[in-house]
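The primary structure of each chain is shown beneath.
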Amino acid sequence: METKKIIIIGSGFSSLSASCYLASQGFDVTILEKNKTVGGRARQLKKDGFVFDIGPTFYWMPDVFESFFKDFNKSTDDYYSLNKLNPAYQIYFGKKDSVSISDNFEDIKQTFENIEKGSGKKLQKFINKAHRNYNIAIKDLVYKPGEHVFEIINKKTFLKLYEFVLTIKNQVSGYVKNKQLQKILEFPVLFLGAKPSNTPSFYNFMNYADFKLGTWHPKGGMYEVVKAMTTLSKSLGVKIITSSEVEKVEIKNNNVTGVTTHSGYFPCDILLSGADYHHTETLLPKPLRQYSESYWDKKVFAPSALLFYVGFDKKLNNVSHHTLFFDTDFEAHAKTIYDTKEWAEKPLFYASFPSITDASTAPEGQEAGIFLIPIAPDVEDTPEIREHYFNQLVERVETITGESIKSNILFKESYCVNNFKDDYHSYKGNAYGLANTLTQTHVLRPKLKSKKVDNLYFCGQLTVPGPGVPPSLISGKIVSDLILKYH
Ligand SMILES: Cc1cc2nc3c(=O)[nH]c(=O)nc-3n(C[C@H](O)[C@H](O)[C@H](O)COP(=O)(O)OP(=O)(O)OC[C@H]3O[C@@H](n4cnc5c(N)ncnc54)[C@H](O)[C@@H]3O)c2cc1C
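Per chain, residue numbering runs from 1 following the sequence as it is written. It should be noted that, the model being predicted, local features are given only for residues of pLDDT at least 70 and side-chain atom pairs only at 80 or more, the latter also being counted only at that level, while totals for whole chains, interfaces and linings use all residues. The basis for every side-chain value is the complete set of non-hydrogen atoms in the structure, without hydrogens or water.

## Considering the overall build of the protein chain
For helices the rule is a DSSP run of H or I covering at least 4 residues; for strands it is a run of E covering at least 2, with both sets numbered from the N terminus onward. When you go through the protein chain residue by residue, the secondary structure sums to 16 helices and 19 strands. Against the 2.2 N^0.38 benchmark of 23 Å for 487 residues, the protein chain shows a C-alpha radius of gyration of 22 Å, consistent with a compact globule. Overall size of the protein chain, expressed as C-alpha extent along the three principal axes, is 65 × 55 × 45 Å. Looking at the 487 residues of the protein chain, the share that counts as buried comes to 59%. Contacts were defined at the residue level, with two residues in contact if any of their heavy atoms lie within 4.5 Å. Contacts in the protein chain between residues far apart in sequence, at least 24 positions, make up 73% of those at least 6 positions apart. Here the protein chain displays about 19400 Å² of accessible surface, and carbon together with sulfur accounts for 52% of that area. Charged-residue counts in this description rest on Lys and Arg as positive and Asp and Glu as negative, His and the chain ends being excluded. Taken as the charge location is NZ of Lys, CZ of Arg, CG of Asp or CD of Glu. If you average the places of the 59 positive and of the 54 negative side-chain charges in the protein chain, the two averages end up 6 Å apart. Computation of the radius of gyration draws on C-alpha atoms, with the globule rule given as 2.2 Å multiplied by the number of residues to the power 0.38. Buried residues are those whose accessible area, probed at 1.4 Å on protein chains only, stays under 20% of the maximum for their type, while exposed residues exceed 50% and partly exposed ones sit between those limits. Each accessible area is a Shrake-Rupley result for a 1.4 Å probe, and residues are judged covered by the shown protein chains and nothing else.

The following block contains the structure:
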C-alpha cells in the first residue's frame, strides 16, 4: 500500500507532538513552518549571552511530558535535565510583602496555617478533591477528542457535574477566607485563559498540579523541550521545512489535495493544521469554512500579553525564578481583559528570572528577566504604550522588592499584540488561544476534524483540551488517533 502523505501546518508543540505519533504510524509527514525557527509560541531569543524563552516558562504536569516521550520508548532524561524549583514561585502582594510557595506540600500547608488558622487542614481537603479531579481529568477527559459528549460521560464524571456549574472562585472562597490565600489558590487556573469567576471548579485539578506535582525547569529553558521533540520527530522521519508559510489550501471535491507556499506546491493526502484555527480557515474557500467571523468574535479568547526580555548587569535579590506581582486589584485588571477590552491602569504582572537557578541563561554575574503583563486581545499596541508599561514595571519592581534595577538594564526587547499577529497569525493577537470556560470545554470547542473538508484536521491550543504546553502535547496525540481512526 502506498504511504499516505501528511502535511502539518506549523511547528508548535501540538504539531511536533502529532508529527511524532503520525510518523511512528508509518505516515510520510512534512511540517511547514512560516517562521525561521521551530517551536511556535515557545521559540527562543538569544542576545549578548542571555537566553530567553519567548513564550512558556512554567513547566507543569511533568507526567504529561514523561508520558509523551514514553510513547516512543524514550524519557525526558534522554533529552534534557529537569530541576524542581524551590520555591516553586513567590507572590508579592505589596511592598516587601510576599509569600513563597515551597516544593513540598507539608511546607505549603504550614505557610497557609501561618496566614489563616485552620487553613492548613482545609487546604489538605481541597487538594484531596483536586487530586481526584486530576485523576479523572487525565483518565476520562483530556485525552478525549471531543467528537461527542458521551465520550466523557461515565459514573465518575457524572458525579462531578456540579463542579462544572460551581466556579473556582466560589469554591476557593468556601475553603479559605484570607484574600492572599484565595489569590494563591486562584492563580493556577489563569493558565487556562479565563478568570476564576468564569472557570468551572472542576479545574481545581490545576491546584493539584501546582502544589503536588511541582514547578520544574528544564536546564537551558523550555526551548529544550522544543529541541527534544524536534530531534525525536526527525529521528522518526519527519521532514521540517522552516520559512515556509502556507498561503493557500488546494481543494477538490471537498478534499484537500495540497498546499501552496512561496516555494511551490506540496501535495498531500491529509492536512493537519497546528496553526491558529481561525487563520487556517481563512486559507480555505469561504463555503468550506466551518465557523463564521461572528462565531470567533463571540468566543472568550485567552489574554494576549505584553512581554519584555531584559538583560541586567547584576544578580538580583528579593526575587525568585518565578515571581508574581499581585499587588494590585485583580478584578479591575480582569475587567479590562474580558469586558472593557482596554489597557489596565495598574495591571498585575509576572516575572521570570531563569538565571537565578540556571546559570546557562545569562553571563556570569548577570540576570535574565522576562516580564509578562496579561492584556486584552486586540488592544492598541504602540511603542509609546509599551514604553509606558515598561517604566511602570520597573518602578513597581523597585518599590515592591526594595531592589534598584533601573540603572542595571543592559537592554530590553518587547513583544506584544502586533508580534503575535505577525509571527503566528494569531486571532486578535491572543497569546494562549481559546479560554477554557464552561461553554468552551470539550465538545464545545472547535472540532479536531473538519465537518466540511474530509481530510482536514486541526490541533493546538484553540482545540481540545485547551491552552498550555501539556494540553498541546495531548492535542497532538488525540488528533493523531483521530486521523488513524478515519484513515
Ligand atoms: C507568552 C506566553 C507564555 C506562556 N506561558 C506558558 C507557561 O508558562 N506554561 C505553559 O504550559 N504554557 C504557556 N503558554 C502557552 C503555550 O505556550 C501554548 O499553549 C503552546 O505553546 C501552543 O502550542 P500550539 O502548538 O497550539 O501553537 P503555536 O505554538 O502557536 O504553533 C503554531 C505554529 O503555526 C505556525 N503558523 C501559523 N500560520 C502558519 C502558516 N500559514 N504556515 C505555516 N506555519 C504557520 C506559527 O508560526 C506557529 O509556529 C504560554 C504562551 C505564551 C504566548
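## Details of the sheet that holds strand β9 (residues 239–241)
Two strands are said to pair when DSSP picks up at least two bridges between them. Across the sheet, which stays open at both edges, the 5 strands sit in the order β9-β2-β1-β13-β19 with parallel pairing between neighbours. The sheet is open, and its two edges are formed by β9 and β19 (456–458), each paired on a single side. Averaged over neighbouring strand pairs, the angle between their axes works out to 20° when direction is ignored. When strand β13 (residues 270–273) meets β19, the two strands line up parallel, connected through 3 bridges. Bridge pairing links Leu271 to Leu456 in β19. For helices, the fitted axis covers only the stretch in contact; all axes are lines through C-alpha atoms, and the angles between them, taken along N-to-C directions, range from 0 to 180 degrees.

## Remarks on the site of the ligand
Neighbouring residues are identified by heavy atoms, a residue being near a molecule or strand if any of them is within 4 Å of it. The full set close to the ligand counts 38 residues, and Ser14, Glu33, Arg41, Phe58 and Gln461 are the nearest of them. Throughout this description, a polar contact denotes any pair of N or O atoms lying within 3.5 Å of each other; where both atoms belong to protein, one of them has to be capable of donating a hydrogen while the other can accept it, and for residues adjacent in sequence the pair is counted only when both atoms sit in side chains. Phe13 places a polar main-chain atom, nitrogen or oxygen, 3.3 Å from an oxygen atom of the ligand. Between the ligand and the protein, one listed contact pairs an oxygen atom with a side-chain N or O atom of Ser472 at 3.5 Å. In the complex, the protein chains occlude 98% of the 1000 Å² of accessible area that the ligand would expose alone. Elements that contribute at least two residues to the shell around the ligand include exactly α1 (13–24), α15 (417–424) and α16 (469–486). In the scheme used here, Gly and all other residues not listed as nonpolar or charged are polar, with Ala, Val, Leu, Ile, Met, Phe, Trp, Tyr, Cys and Pro taken as nonpolar and Asp, Glu, Lys and Arg as charged. In terms of residue class, the shell around the ligand is made up of 16 nonpolar, 17 polar and 5 charged. As annotated, the domain borders come from an automatic or database domain assignment. In terms of domain composition, the shell around the ligand takes at least three residues from each of domain 1 (5–41 + 51–81 + 221–298 + 435–486) and domain 3 (299–424).

## Considering a positive patch on the surface
Taken together, the side chains of Lys121, Lys122, Lys125, Lys177 and Lys179 make up a positively charged region of the molecular surface. Mapped onto the secondary structure, Lys177 falls in the loop between α7 (168–175) and α8 (179–186). In this structure Lys177 comes out as exposed when scored by relative accessible area, which is 57%. Excluding any residue in a salt bridge, patches collect residues exceeding 30% relative accessible area, merging like charges within 9 Å and nonpolar Val, Leu, Ile, Met, Phe, Trp and Tyr side chains within 5 Å. Salt bridge, as used here: a side-chain nitrogen of Lys or Arg that lies within 4 Å of a carboxyl oxygen of Asp or Glu.

## Here's the deal with the sheet that holds strand β15 (residues 322–325)
Strands sit in the order β7-β6-β15-β16-β17-β14-β18 across an open sheet of 7 strands; the sheet is mixed. Edge strands, defined here as strands with exactly one partner in the open sheet, are β7 (97–101) and β18 (409–415). The sheet shows a mean angle of 20° between the axes of neighbouring strands, direction not considered. Where strand β6 (residues 89–94) and β15 come together, 3 bridges link them in parallel fashion. Within β15, the position partnered with Gln90 by the bridge is Thr323.

## Here's the deal with the pattern of salt bridges
Considering all chains together, one arrives at 20 salt bridges under this definition. A salt bridge links Asp276 to Arg41, with the shortest nitrogen-to-oxygen separation between them at 3.0 Å. Of this pair, Asp276 sits in the loop between β13 and α11 (277–282) while Arg41 sits in the loop between β2 (28–32) and β3 (44–47), and the two are 235 residues apart along the sequence. Note on Asp276: relative accessible area 4%, which makes it buried. Connected through shared salt-bridge partners, Lys5, Asp28 and Lys239 make up one network.

## Here we look at the UniProt feature "domain: Amine oxidase" (unreviewed entry) in the protein chain
UniProt positions are given in the numbering used here, feature names are shortened, and annotations may be inferred rather than shown by experiment. Sites flagged by UniProt as "domain: Amine oxidase" (unreviewed entry) map to residues 16–484. The distance from the first to the last C-alpha atom of residues 16–484 is 17 Å, and the span holds 35% helix and 19% strand.

## A word on helix α13 (residues 330–338)
Residues spaced three or four apart along an α-helix point in a common direction, a consequence of the helix completing one turn every 3.6 residues. Where α13 is concerned, the buried positions are Phe330, His333, Ala334, Thr336, Ile337 and Tyr338. Looking at the buried residues of α13, the elements they touch are β17 (367–375). Two or three places before Glu331, at the start of α13, stands the capping residue Asp329, its side-chain oxygen 3.0 Å from that residue's backbone nitrogen.

## Examining the environment of Lys156
With respect to the helices and strands, Lys156 occurs in helix α5 (residues 155–158). Relative accessible area serves as the criterion here: at 43%, Lys156 is assigned to the partly exposed category. Placed 23 residues apart in sequence, Lys156 and Asn133 show a C-alpha to C-alpha distance of 9.5 Å. Once residues lying within four places of it in the same chain are set aside, the contact partners of Lys156 are Ile136 and Asp140.

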